[in-house]
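Listed below are the residues making up each chain.
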Amino acid sequence: MRSVSLSLTSPLTPLLFFLSFCLSPCLSEGADEAVVIPKEKKGAPAYPLPEGTDSGQRSEAVLPKERPPLQQIWKGIAWERPEIKEEIRFLAIASEERESPKESPANWSYGSPFSAFFLKLFQGEEAYYKEGLYHFQEGRYREAIEAWEVQLNLYPRGHLRVRAFYWKGEAYYRLKDNWRALGAYNQALLEARPGDKYRAYAHLAQGWIYLQGGEYEKAFTRFSALVELKPRPSLAATGHYLRGGNLFNLGRYAQASIAYTRLLELYPNSPLAAKAFFWKAESLYHNGQYLQARDLHAHFLTRYRQNPLGEQSLYSLGWCQLGLRDAAGACRTWEHFEAAYPSSGLLDSALLGRIRASLIQGDLAAALKTHRRLLLKRPESTWRDHALFEIAAHRFEKEEVGEAILEMEDLLRSSPSTPLRPNLLFLLGESFLRMGDHRTALSYYNRLAKEYATDSAWESRAQSRIENRRSTIFPLPLLLVLRRDLQLQLQIQLVAGLRLRQADLQGLEGLDLLGRDLEKDQPLHL
């Protein structure tokens, strides 16, 4: 990694001053083209060359007089900032939406060995079945399973076999033995006749187990079979709801939206209607339909004002607005969210969204203020790295490359295991490339290729940059290399020194002012 000094107090030697400021009259025009010094003169040619340009051709057409915008220089790289919306998981906020058949409770006599013995003599299969049901209702699941196994062995053609298999599966499910539970449910499906209500319940129970276990394709099959049976309304609504949630987990957002729409059309008064409304809006958001998602979330907050999902809906509304590039509206929504839910687990990500929204508006001061609020309110937040990365990426886009390099290298040092590490290595390479320091840029690309050799996307991206940029490094005279490196060093030193000087002037008094400003929501005293 390039060594960057963070102090301006160490004096520069006369030799370095000489190399930095006195060599320019001795350089030829061709040598000046070989090494491009950032900000050497207004309208100076820029490195790197546009994609697809042969770096061996040193013509005026290859090196335009105007610095081309970043979008043209890095066209085709498809670099984007990471997703920073907190993922709202379907199962994390969905209660166990599975019903069981209504059974008349078995009385105490089926739990007594003596009375149960006599009941079995007169009632036969029904007594064995109710004995198991009594143990199940009392939470003694092993005893319930044993009673039903005896029933199934004694009455191979009994009329209560389907029920016994179903409840046996329920008992295994409560014992967290999902494999045996699935087998019992499957046996109930095999023996059930068309129209038997236990078929629908068995499909529901199996689908729920698959959904919890992440086997979404199997779960989708079971919920679809449940819906096709057209059971009673409450059970059918549950099938549509879980089918939509399963499609959401599969990333099939358009189909999930259709499933929730179907539920709302068929069962508008279902207790699941509010949840379906929310998840339809989330499905539309993830499908890139931000306008429709925004309208649905706004309608949800009006119609279901007291619903527990209001917190998540208000949070998501801000992201819909940001997706529509309504940064000002997103900021207002998240301000309201912070006031309404100051202890929310989504607050970190909402503040991070405000940072991005402020940067979209070009208001770096507001973004820095929100960044400080995040550090004060949630010092242990897992989103801290992303917040600093957002600011560094903004500086890079605005060609404040020196500041961007300092922030990204500081983030790499403070959080070497951050999930943003490949983004940082790549963007640092781009930053040094933008400054004309091809050798340092290549060092970052090489690190990226080596550390993420098993990640095909990052490895191929790094190799592409390495192959394209090796040819742009020319053998240069020693004095030219020293001059270029010195001026790059001076540029970064100047930025670092100004930042340190500002921090020294603020000191503890500045931190106190910052705290009071944040409490009063006043402009920062910098």
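Note that the coordinates shown come from a computational prediction; the quantities given were computed from them, not determined experimentally.

### Observations concerning the pattern of salt bridges
Part 1: Going through the model one piece at a time under the given rule, you end up with 21 salt bridges.
Part 2: When the shortest N-O distance is used, the salt bridge between glutamate 215 and lysine 218 registers 3.1 Å.
Part 3: Residue glutamate 215 is classed as partly exposed on the basis of its relative accessible area, which comes to 35%.
Part 4: Accessibility expressed as a relative area gives 44% for lysine 218, which makes it partly exposed.

### A few points about the packing of helix 15 (residues 290-303) against helix 16 (residues 310-323)
Part 1: One can describe the packing of helix 15 onto helix 16 by two numbers: an axis separation of 9 Å at closest approach and a directional angle of 150 degrees. When the axis of helix 15 is compared with that of helix 16, the two are roughly antiparallel. With respect to the hand of their crossing, helix 15 and helix 16 are arranged in left-handed fashion. For the pair helix 15 and helix 16, the contacting residues are Tyr290, Ala293, Arg294, His297, Ala298, Phe300 and Leu301 in the first and Gly310, Ser313, Leu314, Ser316, Leu317, Cys320, Gln321 and Gly323 in the second.

### Quick notes on the confidence of the model for the chain
Part 1: Residues at a pLDDT of 70 or more form 69% of the chain, whose mean pLDDT is 78.
Part 2: By mean pLDDT, helix 2 (residues 29-34) is the weakest element of the chain at 33, and helix 14 (residues 273-286) is the strongest at 96.
Part 3: A low-confidence stretch, residues 473-481 (pLDDT under 50), is modelled with 17 contacts involving residues beyond four sequence positions or located in other chains.
Part 4: In this model, residues 521-526 is a region of pLDDT below 50 whose contacts with residues beyond four sequence positions or in other chains number 15 contacts.

Here is what the cut-offs are and how they apply
- Residues numbered from 1 in each chain as written.
- Predicted model: local features only at pLDDT ≥ 70, side-chain atom pairs only at ≥ 80, totals over all residues.
- Heavy atoms only, no water.
- Salt bridge = Lys/Arg side-chain N within 4 Å of Asp/Glu carboxyl O.
- Buried < 20%, exposed > 50% of the residue type's maximum accessible area, 1.4 Å probe, protein only.
- Axes fitted to C-alpha atoms, helices over the stretch in contact; angles between N-to-C directions.
- Helix = DSSP H or I, 4+ residues; strand = E, 2+ residues; numbered from the N terminus.
- Parallel < 35°, antiparallel > 145°, perpendicular 65-115°, else oblique.
- Left-handed = near helix turned anticlockwise from the far one by under 90°.
- Contact = heavy atoms within 4.5 Å.
- pLDDT = per-residue confidence, 0-100.

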